[in-house]
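Take a look at the letters that make up each chain.
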Amino acid sequence: MQPVIPVMVENVAQYSPFLLPAAFLVVSIISTINTPVQHSLLITSISWGLIWIFSIARAGLYSGFDNTIRKKFSWAAGGLFALAQICERAARDREGIWWTKALLPGLIFLLLETEFWPRAGALPNFFPLDGHSIESGSSAEGGTHTGSSRLLIIVTLSAGAVLSTPFITSPTSALGFSSAFFTAAKLVLFENAIRHTKDEKNAESRGLVSANGTFSRRNSLDGAQQEHYITSLRDVAAVITISCGAAAFFMEGFRADVLTWNPEIAKLEGDWKLVQNHRMIKQCVLMILVGTLEKILLFMTLYQQGALRTSFVVVAAYLYARLNIASSLSGAWFTAIFASTSILFLYNPSSSTQSIFGRRSTMRAKRIVLLLGLLSFTILFVQFFYHTVTLRSFDRSNTPIIEVNPSIEPFGPLQLDTKKGHPVDQLIRSSEQEFKNQLARQSVSLADAVSEYRRRYRIPPPPRFEKWYEFAMRADIQLIDEFDTINEALLPFWALKPSTIRARVREVLGSDENSLIGLSIRDGEAVKIEGGAEWQQKATLGMIKNFVQHLPDMDVAFNIHDEPRVVVPHDQLSHIVEIARGQRMPAALANTSPLNAFSNRPDDMGNGQRFPESKTTRFNHFAHQQTWTHARMSCSPNSPARSYEDVTADNLTSYAIGDLGFVYNQSAFSDICMSPSFRQTYGFFERPNAFNVVHDLIPIFSQSKLSSFQDIIYPSPWYWFGKVGYDEERDTDWDNKTNNLYWRGSTTGGFSRNGGWRRQHRQRVVQKMNAPDKAKILVNQGQKKSPDWQMKEVPRQEYKDLFDVKFSHVGQCDPGDCDAQNEFFNVVDRADGQDAWQYQHLLDMDGNAFSGRFYAFLKSMSLVYKMSIFQEWHKDWLKPWVHYIPISLRGEEWLELIRYFSSEEEGKLQAPNVAVQGREWANKVFRNVDFEVWFFRLLLEYGRIIDDNRETIGYPGP
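Just so it is clear, the model here is predicted, and its values are computed rather than measured. (Residues numbered from 1 in each chain as written. Predicted model: local features only at pLDDT ≥ 70, side-chain atom pairs only at ≥ 80, totals over all residues. Heavy atoms only, no water.)

Caption draft 1: Looking closely at the overall build of the protein chain. Tallying secondary structure elements over the protein chain gives 32 helices and 18 strands in all. Counting the 958 residues in the protein chain, one finds 55% classified as buried. Of the contacts formed within the protein chain by residues at least 6 apart in sequence, a portion of 79% connects residues at least 24 apart. With the model as given, the accessible surface of the protein chain reaches about 41,700 Å², and the carbon-plus-sulfur share is 56%. (Helix = DSSP H or I, 4+ residues; strand = E, 2+ residues; numbered from the N terminus. Buried < 20%, exposed > 50% of the residue type's maximum accessible area, 1.4 Å probe, protein only. Contact = heavy atoms within 4.5 Å. Areas by Shrake-Rupley, 256 points an atom, 1.4 Å probe, with all protein chains shown as cover.)

This is how it looks when you write it as structure tokens:
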């Protein structure tokens, strides 16, 4: 009876040309998708280190040093592999460099066909090539067939089409090209090192070969011969381990956070679990094991198949990973072209092995694929050209990636296919993917940050940008590029002369009736601050103390009111924005070598010890008066808010989706120009508690603003000072919380006179959530795997247990209006703010301006629902449907939201998940140091705006 194990080994070896690439492909896909980029060098180093230890155990530490050629190949291959990995780590943004991997087959083909690369014999072919052997570099009779070259071009272009991204910065492109070239050269040299060893052994003995030539005893279990091949693996692993380990030490920044236990871990009393994500540690350990297996399979595949065929496997892994993250019909189509072209490129029947019919069929398939490829790339080029021509501006909206249908009626909400799932489920999934993409594309180096800055804003970064970047890196900022709010706020000021801006600031700070805090910074110190509450002064000084030494001389005016202050009429605003974008900013961009320093203090700026007295004021006082006419002044004359009719429909198309009007675009919802109904439903427009407004462009720093105002938003000292805290000890797990929506608060939001409270937002929300009327929900009339969500009308009182929304205080009203509200609403006793943590669902909404308890809500273990039209500094850093649930003021979707998260199977899973995501993210981006980083960037930008030489200064780049 024939022994079982040798037969199994022979069978495996017989099919290894097929099994090895398949196994390598699967492991490569897992590694590409799951390896955390920020720790990729460390994982690579440890993985190769394990292989190094294994190879030393098999081949010894000093064996094989007599072979100089093999040694040079191995060391060069290891060095190139390390360089390729370092390039990828430096770029970090995988989506920016993936497409360069498409060049691998073409680059390897060129390298193998170039006499510069020495070759040592041919390996058994996976599939015979048409007319020549690429591995050996020698052309067969008839020469190289051009058909194979054309197919190789189709392969490269198809992979590039799948892996391409809309925009890639120059440094990232350079890193991507470098990584692709280093990877190609590495594979060729690694193959040559292995082959040189093999050829040396082949010269000694041919060994026993099976009849079909697929299995040889000398290639299978001869340990003595295997040691010669492993010496190449040992040397490659040694170079990569050392190089990538050193690069990880200097690039991955774990020295300060882990090894030296500073700076943040020291504050947390050494609890590493609060700093290092436990799941990340487990992921790294798992990927070390996967990485080790991947490198072993790479070695085996190179040994058997050669560099060219190995590159096809590598590119295929990148294609799958790219489709997994951002799948599309065009991506799948070009992936199919890549797959079919690859097979035809690798499989070309020769006359000695195939019939005429086989050769003709292959040639016909070649022609079909080439024609399909040519047609596809023509269509792709036309589409690209069309989109480039029709592109109007860079889209900074928060619109989720979700398939929608046009509105049924003018200005009506967009429609979506409810057979694809519940609208909430679709919104959450698409928003999570958007947020994931946003995280992946953040800059990882100073050079990348500068390049991204120039791409977004078309000007150089401000002077001392490198100081800000260093400060941000020490703080471990999550979103290094997301500061659009700053540049949008400062854009109009580019049209004003710096001296004009400085003069206006001096003027407004010189009058006590303007309700401002004045701050003077001179020679890197805060020399004076006056006005406002003492706590706000202390908080403002505390926010700048860690970076004030890098700021230029400036005077800053801070608004002490909750309400915003600056509204510029639309005609004037559009004109100055046109000047800023068309003249001033292009002049700054044209300076290719800006001076990385602020100018000396101008003559019109004193020593900062006093603000010159001003006898007049530009501010108009409209407290307790209707403000809609003023607030809409900056809106376009064509917008719904500027209609000459008293009643105009809101533009629901801009922000609402589905018949119930779920908010898919929070920025559009908060745009008052699109929602004239706010005039009768929002407290600020009815009668604000305070309103001192100016219609000239003056740089007033406010803690929040409405979309139509030109105040400069900055991080609120309220949060930095910890005015509303979160006591985690009083919180509890999700399952222990009461399953309903909870809110307690007062009637702030506007001053009520002559029944005006009926037109204010907080009263509207509380009244409607407790109303005994009809409401609409969605009911699944299909099956679990084929849903069909249809609208149904129900009595709201059937779901009254899901809401616990009540006033606990009535204020900001004339006596008669206060009495009316106390009679109309079921006003309950005041509640401790920490009691909110006992409820699964928390409602947060605007008061007189922004809500001061939003961050505490996010840090809790509850799910936060946010109704807000006031914009804060963090609007670029929070993602609706990922960190909180946005709700509208119309309220048609309120009941269905709570019902879905409380009753539906998928909703009950998503609710605690979103709550956890919001909590974890808030703990990462709403620390005091995050406020300081954002404020530092804002004041640097403001310092440039008021500099007389602002068009010639800036950070030129590293």
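Still to come is the rest of the account.
Caption draft 2: The arrangement of unusual backbone geometry in detail. If you check the backbone angles, R464 has positive phi at about 65° while not being a glycine. Here R464 shows up in the loop between α16 (446-457) and α17 (465-474).

Caption draft 3: Fine view of a nonpolar patch on the surface. On the surface, a nonpolar cluster with roughly 260 Å² of combined accessible area is contributed by I46, L50 and I53. With respect to the helices and strands, the residue L50 is situated in helix α2 (residues 40-59). (Patch = residues over 30% accessible without salt bridge, like charges linked within 9 Å, V, L, I, M, F, W, Y side chains within 5 Å. Salt bridge = Lys/Arg side-chain N within 4 Å of Asp/Glu carboxyl O.)

Caption draft 4: The sheet that holds strand β17 (residues 863-867), seen in detail. The strand order across the open sheet formed by five strands is β15-β12-β16-β17-β18, and the pairing between neighbours is parallel. Single-partner strands in this sheet number two, and they are β15 (803-809) and β18 (885-886). Strand direction decides the pairing type here: strand β16 (residues 839-845) and β17, joined by five bridges, are parallel. By the bridge assignment, L842 is partnered in β17 with V864. Here helix α30 (residues 894-903) sits on the sheet and contacts β12 (738-746), β15, β16, β17 and β18; the angle it forms with β17, its principal contact strand, is near 170°. (Pairing = 2+ DSSP bridges. Axes fitted to C-alpha atoms, helices over the stretch in contact; angles between N-to-C directions.)

Caption draft 5: Geometry of the sheet that holds strand β11 (residues 712-713). Spatially, the five strands line up as an open sheet ordered β4-β3-β5-β10-β11, and their pairing is mixed. Lying at the two open borders of the sheet, with one neighbouring strand each, are β4 (525-530) and β11. Of the strand pairs in this sheet, strand β3 (residues 516-522) and β4 are connected by five bridges, and their pairing is antiparallel. Counted as the bridge partner of L519 is I529 from β4. Contacts from helix α19 (residues 498-509) reach β3, β5 (554-559) and β10 (700-702), with the element oriented near 50° to β5.

Caption draft 6: A look at helix α20 (residues 534-544). Within α20, burial applies to Q536, Q537, A539, T540, G542, M543 and I544. Looking at the buried residues of α20, the elements they touch are β3, β4, β5, α26 (717-720) and α32 (928-945).

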